[in-house]
Amino acid sequence: MVDLKRVEFALNDHFFDFVDDWDHKIYLTVGGYGSSKSYHVAAKLIKKLLEEKRKALVVREVFDTIRDSCLDLLMEVSESMGVSDYITFTTSPMQVRFSNGSRIIFKGMDKPAKLKSLNGVSIVWIEECSEVKYAGFKEILGRLRHPELSNHIILSTNPVSKSNWVYKHFFQDKTTGFKVLDDEELYKKRIVVVGNTYYHHSTVDDNYFVPQEYVEQLDELKQHDPDLYRIARKGRFGVNGRLVFPQFMTLPDEDVKSAIKLIRNPIEKNGMDFGFVTSYNALVRMMIDHDNRILYLYDEYYSRDKTDPEIANDIAKWLDILIKADCAEPKAIRYYKQQGFRIKPCKKFQGSRKVYTKKVKRFMHIVCSDKCQHIIDELQDLTFAVDKDGEIIEDEFNIDPHTLSAIWYGLDDYEVSDLKGGGLKILK
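Parameters and conventions
Residues numbered from 1 in each chain as written. Predicted model: local features only at pLDDT ≥ 70, side-chain atom pairs only at ≥ 80, totals over all residues. Heavy atoms only, no water. Helix = DSSP H or I, 4+ residues; strand = E, 2+ residues; numbered from the N terminus. Buried < 20%, exposed > 50% of the residue type's maximum accessible area, 1.4 Å probe, protein only. Contact = heavy atoms within 4.5 Å. Areas by Shrake-Rupley, 256 points an atom, 1.4 Å probe, with all protein chains shown as cover. Expected span 1.5 Å × (residues − 1). Core = buried A, V, L, I, M, F, W, Y, C linked by side-chain atoms within 4.5 Å. Pairing = 2+ DSSP bridges. Axes fitted to C-alpha atoms, helices over the stretch in contact; angles between N-to-C directions. Phe/Tyr/Trp six-rings, centres within 6.5 Å; stacked < 30°, edge-to-face > 60°. Lys NZ or Arg CZ within 6 Å of the ring centre and 35° of its normal. Disulfide = S-S within 2.5 Å.

Q: What exactly am I supposed to notice about the overall build of the protein here?
A: Each helix and strand in the protein was counted, giving 14 helices and 22 strands. Taken along the three principal axes of its C-alpha coordinates, the protein extends 85 × 45 × 40 Å. Sorting the 428 residues of the protein into buried and exposed places 51% on the buried side. By sequence separation, contacts in the protein at least 24 residues apart represent 66% of the contacts at least 6 residues apart. About 21100 Å² of surface is accessible on the protein, with carbon and sulfur atoms providing 48% of the total.

Below you can see the structure in the form of structure tokens.
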């Protein structure tokens, strides 16, 4: 039997606690390129299986990628630890066998039928978990239940988009209001425990053994690929693609109200987009600080699957405001007029989506009240769609943003002053 107390191998300081911690069920390791997270997951797994007789499962989305990634890494780490004499690696079938009877088996999520049974498995490592489907993770979570040994799931990933299930499950999902942890807190504290989940964040700066040339290559990404720089160098979740409104920000509702009161010549605008079963009704209330080119979004209405009478009742408090609405719905506009609303059709023309989007982008700041959650959900991380050549499409987006349509309509007779500070221009 190997005496682990006499085994000496290199670990990065930031991973000391992680490698020896087995007090939690789930371990989520999030990190940038070259942070050594996968290396230390492998070390953690090998060390545990040498200490105790266990059966572990290593999973990737595609089985054929395992041999050149996870299996090779486990071999490299075992050699680094000096324990190769106690471990046997085979490729047919692909397994790792330990002298004390422990085993590591490998499965691909592209063949889910092979995951129907996790008999005898007490530890699962899901490598590149962001590539695995959420249903697969839940399948493993539900089936991992060794009757005698403690059960653990280790997940390792680069932090991709906030729309990925990993972020929504372990951090927050704005569309449902679900929240476990603010990812900014993890970046600050580096290691966080919430309930039975151990979070670990790392970057290449935590890896003492990486060449400086590699770090410099990652630093260069900042200039020509900021999205990849965020993931690879900083190890942060975010938005994949080019943001439509990088100047978008949120402030507490009371701060937005206070700022609006200080506007010298405030311009009020209100826009409405109609929906029904599959799309949403959105009404956005805006105030413009023309001199400083600031658009304030301070109130909203958002609903789906409601009739015009139901919506009219919902927004009855806004009977006296002037609303610009989607001109493609003349019957709806006539109905709201009959109910006493001051509502007018917007102006649409060929290419107006692109023109109106550029108009909104010309605001120096777009400030949204934190009570307008639907606006925040749609606009904060809104990105342009891209064509087959990777070029952005200026009037298509990653989602159908109904609140943006409402903003378009509300601003259809307003022009933002240009960067040279042109005068106020309101088209009648």
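Once the structure has been displayed, the description carries forward.
Q: In this structure, what is going on with helix α2 (residues 37-51)? I would like to understand it.
A: For α2, which comprises 15 residues, the first-to-last C-alpha distance of 21 Å matches the rise-based estimate of 21 Å (1.5 Å per residue) to within 8%. Counted residue by residue, α2 has 14 buried out of 15 residues, so it is predominantly covered.

Q: How should unusual backbone geometry be read in this particular structure?
A: Leave glycine aside and you will find that most residues have negative phi; peptide bonds, for their part, are mostly trans. The omega angle of the peptide bond from S92 to P93 is 0°, so this bond is cis rather than trans. At S36, a residue that is not glycine, the phi angle is positive and equals roughly 80°. Summarising the element assignment, S36 is placed in the loop between β1 (26-31) and α2. The exposure class assigned to S36 is buried, which follows from its relative accessible area of 13%. Phi is positive for E128, which is not a glycine, with a value near 50°. Inspection of the secondary structure assignment puts E128 in the loop between β6 (121-127) and α4 (134-143).

Q: Hey, could you run me through the nonpolar core in this one?
A: Side chains of nonpolar character tend, in soluble globular proteins, to be buried together. Among the nonpolar cores identified, the biggest contains 34 residues, and I46, I104, F106 and W125 are the most heavily contacted of them. Broken down by secondary-structure element, the contributors of at least two residues to this core are α1 (16-20), α2, β2 (55-60), α3 (67-81), β4 (94-98), β5 (103-108) and β6. Per element, the largest residue contribution to this core is eight residues, and it comes from α2. Of all hydrophobic cores here, the second largest spans 32 residues; its members include L295, L297, Y302 and I376.

Q: Could you clarify how one ought to interpret the sheet that holds strand β11 (residues 197-202) in this entry?
A: Whether parallel or antiparallel, the strands of a sheet pair through hydrogen bonds between backbone atoms. Spatial strand order, β3-β4-β5-β2-β6-β7-β1-β11-β10: nine strands in an open sheet with mixed pairing. On the outer flanks of this sheet lie β3 (87-91) and β10 (191-194), each paired with one strand and no other. In this sheet, adjacent strand axes meet at a mean angle of 15° when their direction is disregarded. Bridging between β2 and β6 involves five bridges; their strand directions are parallel. Each residue of the ladder has a partner; that of V58, found in β6, is W125. Running over the sheet, α3 touches β2, β3, β4, β5 and β6 and is turned about 160° from β3. Across the sheet, α4 is in contact with β1, β2, β6 and β7 (152-157); its angle to β7 comes to roughly 160°.

Q: Please clarify how the packing of aromatic side chains should be interpreted in this entry.
A: Any pair of aromatic rings gets described here by the distance separating the centres and the angle formed by the planes. Counted under the stated rule, the structure contains 22 aromatic pairs. Here the aromatic rings of Y167 and F171 are separated by 5.3 Å at their centres, their planes lie at 15°, and the arrangement is stacked. Taking the centre distance of 5.7 Å and the plane angle of 80° together, the rings of F349 and Y356 count as edge-to-face. Judged by relative accessible area, which is 5%, Y356 ranks as buried. Here the aromatic residues Y134, F137, W165, Y167, F170, F171, Y199 and F237 are joined through ring pairs into a cluster of three or more. The ring of W22 carries the charged tip of K44 above its face, separated from the ring centre by 4.1 Å. Looking at K44, its charged tip hangs above the ring of Y27, at a distance of 4.3 Å from the centre.

Q: Mind showing me how you'd approach the state of the cysteines here?
A: Each disulfide consists of a covalent bond between the sulfur atoms of two cysteine residues. Taken as a whole and judged by the stated rule, the model has zero disulfides. There is no disulfide at C327, and the cysteine sulfur nearest it, in C346, is 4.0 Å away.

Q: What exactly am I supposed to notice about the sheet that holds strand β18 (residues 365-369) here?
A: Pairing is mixed across the open sheet formed by seven strands, whose spatial order is β12-β18-β15-β14-β13-β16-β17. Two strands close off the open sheet at either side, each with one partner strand: β12 (248-251) and β17 (342-345). Each strand of the sheet is rotated relative to its neighbour by a mean of 30°, with strand direction disregarded. Pairing geometry for strand β13 (residues 267-273) and strand β14 (residues 280-289), over seven bridges, is antiparallel. Directly across from D273, in β14, lies its bridge partner A282. In this fold helix α11 (residues 330-338) packs onto β13, β16 (322-325) and β17, with an angle of close to 160° to the strand it touches most, β17.

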